[in-house]
Protein chains: 2
Amino acid sequence: MAKLYVEMSAEELKAEQKVLENRYNDFKAKNLKLDMSRGKPGADQLDLSDAMNHVESYVSDGVDIRNYGIMDGIPSCKKLFADLMGVESKNVIVGPNASLTLMFDYISQCFTHGVGDTPWCKLDEVKFLCPVPGYDRHFTILEHFGIKMINIEMKADGPDMDAIEEYIKDESVKGMFCVPKYSNPQGITFSDDVVKRIAALKPAAKDFRIIWDNAYCIHDLDDNGDVLLNIFDVLPQFGNEDMVIEVCSTSKITFPGAGVSALIASDNNIAAIKKRLNAQTISYDKMNQHRHVEFFKNADGVKAHMKKHAAILKPKFDIVLKHLDDELSGKGIAQWFNPKGGYFISLDVMNGCAKRVGELCREAGVVLTSVGATYPYGVDDKDSNIRIAPSFPPVAELDLAAELLCICVQLACIEKLIG
Amino acid sequence: MAKLYVEMSAEELKAEQKVLENRYNDFKAKNLKLDMSRGKPGADQLDLSDAMNHVESYVSDGVDIRNYGIMDGIPSCKKLFADLMGVESKNVIVGPNASLTLMFDYISQCFTHGVGDTPWCKLDEVKFLCPVPGYDRHFTILEHFGIKMINIEMKADGPDMDAIEEYIKDESVKGMFCVPKYSNPQGITFSDDVVKRIAALKPAAKDFRIIWDNAYCIHDLDDNGDVLLNIFDVLPQFGNEDMVIEVCSTSKITFPGAGVSALIASDNNIAAIKKRLNAQTISYDKMNQHRHVEFFKNADGVKAHMKKHAAILKPKFDIVLKHLDDELSGKGIAQWFNPKGGYFISLDVMNGCAKRVGELCREAGVVLTSVGATYPYGVDDKDSNIRIAPSFPPVAELDLAAELLCICVQLACIEKLIG
């Protein structure tokens, strides 16, 4: 039975430290070079989609889609995303190879043209709400545009709605980024109640926009995945159809960087985005859209494909969670969620220890996501959050890396306690 | 021997009109449905690149390029474009499926972040110089951002440099769009002297930027193509390396909408663009970049491929030019260039007649590019310019369409003359 570190005497801690240091040095001697920093699929996951590259005909619905035209996506691919996301095709724009670009371009459009009357570039200050910990690339977009980021605490069922309802009384608060299902990094899925409260928001800013980054919409680790309420089913009750811009992609379904993204939005927002697209492109890559449709056939095909990913990913999550549980539970030095999907495990260690854990890991050859990256401006005030990305390394390597991580967490906490 | 229309009597013109009307009505009876409106490659041109879709391995320089990463393009593809465009790889960013997006995104970046100190969105007025006639999609980008467009007359060797040198004394003139080789629509290639004068410009605006849209850089119709001076070889003499952003793409080499684009710029500009890209994308589609490299192998491979396009396109240009020559020359009612490459033939008809020509053609089943589209705001003051796009229809259809066009030009001019 593990003992709480805070209840251990200095001598007990030092004895524990000695044991851990020996284990740590043994690891160092192995000269490991392991990477748990980014949510990259493993090569075996990429192999699952290789057949996609052997499409013979590029005729779709009777149209030669090798040529110019069809700005918002070929109908078959719009339908595929519409079926997956539970919306109508008319509310889908099939986008470029990454939903990140869809999000960046939308924020850029808000700056240059605005959503209502005033382009955001004409305002003295624009603020966004950021559930934390969160996805570093959302923060990078916001920082790029000089948008002031306000941290919103994530709770077990989604972001702190009381705080959000308070902040949106400020008209300069223009939006929020969310990953509503299997949030990055915690793997939290917003509860129905949270989704409804979000859909019901009445922000002071009429041009308030929520970027609903549904990156892990069908990325369950097994058959008992979380179910996210479709916010577009709820928004109309509150007359808020225009408040949400949803994005998703096949980056973690087929190929990261060579997948297809999609944007889902109200009729008004689709019209405003198409107006911009009309100047920005003639079409996105329709041949790649067609490859995806031919490969999957329909939404069920995508879901069946995701089970193959789950079969590869589940053991990776399990091995990391086993180490966390074996070595860290009951000691009062770390907390984590057991996500049912997504790409990350979020580990909160004793305040003031996360950076030191990152250092110790790096010295022993294991790279974690930069500590702090899960917070706006790279600043985790509590120096507590560590994002673990188990997808890329093979299980045998993960086994080592996760063990080392647990050793480092314990060492850092003991250092902190005995000063 | 043709007679000048202006020297013909009313009776002669009416007799001519009668003959033309009969021919026109014969055409109408055919119920044609032909499209010469856009510079779309023909299906046989697209077939030339079909083998590109059968790449077996997606490993490039030892890297699995199916996964995340490599923001500015895989090295092999950067080198391919560098060799084609006569620059170093470090000055190339391989972009998305269309250079149009590279141009739009760059202008957007100038608005949100600026080139020097002041983002353009903070300025009261931004103006651009537009050689006319020009490419409608350039004008659409400028209009989208509310940039005031100033017409610059195209001469036989490029834009009117005297006018440009005068306009750039105005600090609110921030840039210019150019198609320096086989200009759209006239097919004019800028002379060495013009390129040098452009490279030597000393604009009042320190953040003056020329978008050098080299869309037809290797798109010759035969072995005697025009040679464009590489502006990046000349800019350093004048300390103007940062003034030009060049773009190109494989849209008319492999697949429109599923090709690869590239941006070529100075070290400073590349750094500024990469800073934005770091927020906008993780990478563009590297698998498509790799397909292109595997298919072409090197720059010579691309050039050899272009000869196959030329073999298909040359007869199409020839049949149109033959009709223009047979029916319109010597009558004082139309002028055109014989382009050595590119995708268009530009026809200037008697002032005040172009719209009527468009109407007559449409009524008989032939669609031309909207008259006026080759001018900013869609306004051709002289109502004279017609852009002919001969690439898409098969030769037999072009033969009909070009004959009909010539009939319509003559009819419209006679209508104008006899009132």
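The present account deals with the structure reproduced in this document.

About the criteria used
- Residues numbered from 1 in each chain as written.
- Chains lettered and ligands numbered in written order.
- Predicted model: local features only at pLDDT ≥ 70, side-chain atom pairs only at ≥ 80, totals over all residues.
- Heavy atoms only, no water.
- Helix = DSSP H or I, 4+ residues; strand = E, 2+ residues; numbered from the N terminus.
- Buried < 20%, exposed > 50% of the residue type's maximum accessible area, 1.4 Å probe, protein only.
- Contact = heavy atoms within 4.5 Å.
- Core = buried A, V, L, I, M, F, W, Y, C linked by side-chain atoms within 4.5 Å.
- Arc of directions from axis to C-beta.
- Buried area = accessible area lost by both parts, 1.4 Å probe.
- Salt bridge = Lys/Arg side-chain N within 4 Å of Asp/Glu carboxyl O.
- Polar contact = N/O pair within 3.5 Å; in protein donor to acceptor, adjacent residues only side chain to side chain.
- Pairing = 2+ DSSP bridges.
- Axes fitted to C-alpha atoms, helices over the stretch in contact; angles between N-to-C directions.
- Disulfide = S-S within 2.5 Å.
- Lys, Arg positive; Asp, Glu negative; His and termini not counted.
- Least-squares fit on C-alpha atoms with pLDDT ≥ 70 in both.

1. Focus: the overall build of chain A
Right, on to step 1. Across its full length, chain A carries 13 helices and 15 strands.
Right, on to step 2. Taking the principal axes of its C-alpha atoms as reference, chain A extends roughly 75 × 55 × 35 Å.
Right, on to step 3. Here chain A, with 419 residues, has 62% of them falling under the buried criterion.
Right, on to step 4. By sequence separation, contacts in chain A at least 24 residues apart represent 77% of the contacts at least 6 residues apart.

2. Describing the nonpolar core
Right, on to step 1. Among the nonpolar cores identified, the biggest contains 73 residues, and I107 of chain A together with I107 of chain B are the most heavily contacted of them.
Right, on to step 2. Among residues more than four places away in sequence, those in contact with I107 of chain A are F128, I141, F145, I147, F177 and I211 of chain A.

3. So, helix α12 (residues 354-363) of chain A
Residues and elements named next belong to chain A.
Right, on to step 1. Taken residue by residue, α12 has A354, V357, G358, L360 and C361 as its buried positions. Looking down the long axis of α12, one finds its buried residues gathered within 165° of arc, a one-sided arrangement. Exposed residues pointing more than 90 degrees away from the buried face of α12 are listed as K355 and R362.
Right, on to step 2. Buried residues along α12 sit in contact with α1 (10-29), β13 (345-349), β14 (366-368), β15 (385-388) and α13 (395-418).
Right, on to step 3. Of the residues one or two after α12, G365 is the one with positive phi, at around 95°.

4. A look at the interface of chain B and chain A
Right, on to step 1. At the interface, 55 residues of chain B touch 55 residues of chain A.
Right, on to step 2. Taken together, both faces of the contact between chain B and chain A bury some 4,500 Å²; the carbon and sulfur share is 51%.
Right, on to step 3. At the surface where chain B touches chain A, the tally comes to four salt bridges.
Right, on to step 4. Linking R66 of chain A and D47 of chain B is a salt bridge whose minimum nitrogen-to-oxygen distance equals 2.8 Å.
Right, on to step 5. The tally of links between chain B and chain A comes to 21 residue pairs in polar contact (both at pLDDT 80 or more).
Right, on to step 6. The set of elements that each furnish at least two residues to the side of chain B that touches chain A consists of α2 (43-47), α4 (99-112), α5 (136-144), α9 (267-280) and α10 (286-296) of chain B.

5. Some details on the sheet that holds strand β12 (residues 334-336) of chain A
Residues and elements named next belong to chain A.
Right, on to step 1. Taking strand neighbours across the sheet as the criterion, the three strands line up as β12-β13-β15 in an open arrangement whose pairing is antiparallel. Edge positions in the open sheet fall to β12 and β15, since each of these has one partner strand only. Each adjacent strand pair in this sheet contributes to an overall mean axis angle of 25°, direction not counted.
Right, on to step 2. When β12 meets β13, the two strands line up antiparallel, connected through three bridges. Paired with W336 across the two strands is L347, which belongs to β13.

6. Some points on the state of the cysteines
Right, on to step 1. Under the counting rule described, the total for this entry stands at zero disulfides over all chains.
Right, on to step 2. Summary of cysteine pairing: C406 of chain A is not part of a disulfide, and the nearest cysteine sulfur, belonging to C361 of chain A, is at 9.1 Å.
Right, on to step 3. A residue is classified by how much of its surface remains accessible, and C406 of chain A, at 0% relative accessible area, is buried.
Right, on to step 4. Here C353 of chain B is not disulfide-linked; the sulfur of C413 of chain B is the nearest cysteine sulfur, at 4.1 Å.
Right, on to step 5. A relative accessible area of 0% places C353 of chain B in the buried class.

7. Regarding the environment of G158 of chain B
Residue and element names in this part refer to chain B.
Right, on to step 1. Looking at the element boundaries, G158 is found in strand β7 (residues 158-159).
Right, on to step 2. Overall, G158 belongs to the buried group, its relative accessible area being 0%.
Right, on to step 3. Distance from G158 to I188, taken between C-alpha atoms, is 6.7 Å for residues 30 residues apart in sequence.

8. Re the side chain of R387 of chain B
Residues and elements named next belong to chain B.
Right, on to step 1. Mapped onto the elements, R387 comes out in strand β15 (residues 385-388).
Right, on to step 2. Here R387 sits buried without a salt bridge, and the closest side chain of opposite charge, D136, lies 4.5 Å off (N-O distance).
Right, on to step 3. Within the structure, R387 has its side chain in polar contact with the side chain of N184 (distance 3.2 Å).
Right, on to step 4. A distance of 3.2 Å separates polar atoms of two side chains, one belonging to R387 and the other to T369.
Right, on to step 5. Not counting the four nearest positions on each side in its chain, R387 is found in contact with M36, S37, R38, G39, Y135, N184, P185, F344, I345, T369 and T374.

9. A short note on the sheet that holds strand β9 (residues 209-213) of chain A
Residue and element names in this part refer to chain A.
Right, on to step 1. Read from one edge of the open sheet, eight strands run β4-β11-β10-β9-β8-β5-β6-β7, paired in mixed fashion. If you trace the sheet from one side to the other, it starts and ends with β4 (92-94) and β7 (158-159), each paired once.
Right, on to step 2. Here β9 runs beside strand β10 (residues 244-249); their pairing, made up of four bridges, is parallel. The partner of D213 across the bridge, within β10, is V247.
Right, on to step 3. Its contacts with the sheet place helix α9 (residues 267-280) against β4, β9, β10 and β11 (261-264), and it is angled at close to 25° to β4.

10. Focus on the pairing of strand β11 (residues 261-264) of chain B
All names here are of chain B.
Right, on to step 1. Neither face of β11 is open: one carries S261 and L263, the other A262 and I264, and all of them are buried.
Right, on to step 2. Strand direction decides the pairing type here: strand β4 (residues 92-94) and β11, joined by three bridges, are antiparallel. From the neighbouring strand, V92 faces β11, where its bridge partner is I264.
Right, on to step 3. In terms of strand pairing, strand β10 (residues 244-249) meets β11 through four bridges, oriented antiparallel. What sits directly across from S249, in β11, is S261.

11. Concerning the pairing of β10 of chain A
Working note: regular strand, side chains alternate between the two faces of the sheet.
Right, on to step 1. In terms of burial, β10 of chain A is largely enclosed, as six of its six residues are buried.
Right, on to step 2. Neither face of β10 of chain A is open: one carries V244, E246 and C248 of chain A, the other I245, V247 and S249 of chain A, and all of them are buried.

12. Section: the relation of the copies chain B and chain A
Put simply, the second copy of the chain is the first one after a rotation about an axis and a shift along it.
Right, on to step 1. Relative to chain A, chain B is turned by 180° and slid 0.0 Å along the rotation axis, the superposed coordinates differing by an RMSD of 0.0 Å. When the rotation and shift are considered jointly, the pair of chain copies conforms to a two-fold rotation axis.
Right, on to step 2. When you check the interface residues of chain B against chain A, 100% turn up at the interface there too, and the contact is symmetric in its surfaces.

13. Here's the deal with unusual backbone geometry
All names here are of chain A.
Right, on to step 1. The omega torsion of the bond from N184 to P185 falls at 15°, within 30 degrees of zero and hence cis.
Right, on to step 2. Relative to the helices and strands, P185 is located in the loop between β8 (173-178) and α7 (192-199).
Right, on to step 3. At D61, a position not held by glycine, the phi torsion is positive, near 50°.
Right, on to step 4. Mapped onto the fold, D61 is located in the loop between β2 (59-60) and β3 (63-64).
Right, on to step 5. You will see that I70, though not glycine, has its phi angle at about 65°, which is positive.
Right, on to step 6. Here I70 falls in the partly exposed class, since its relative accessible area comes to 31%.

14. Quick look at the pattern of salt bridges
Right, on to step 1. Tallied over the full model, the rule gives 50 salt bridges over all chains.
Right, on to step 2. Between D64 of chain A and R66 of chain A there is a salt bridge, and its shortest N-O distance comes to 2.9 Å.
Right, on to step 3. What emerges from the salt-bridge pattern is a single network uniting D47 and D50 of chain A together with D64 and R66 of chain B.

15. Some remarks on the side chain of D380 of chain A
Residue and element names in this part refer to chain A.
Right, on to step 1. Within the element layout of this structure, D380 appears in the loop between β14 and β15.
Right, on to step 2. Despite its burial, D380 pairs with no opposite charge; the closest candidate is K382, at 6.3 Å N-O.
Right, on to step 3. Polar side-chain contacts of D380 include one of 2.8 Å to the backbone nitrogen of N385.
Right, on to step 4. Every residue in contact with D380, bar those within four places of it in the chain, is listed here: G372, Y375 and N385.

Nothing here speaks to function; it is all geometry.
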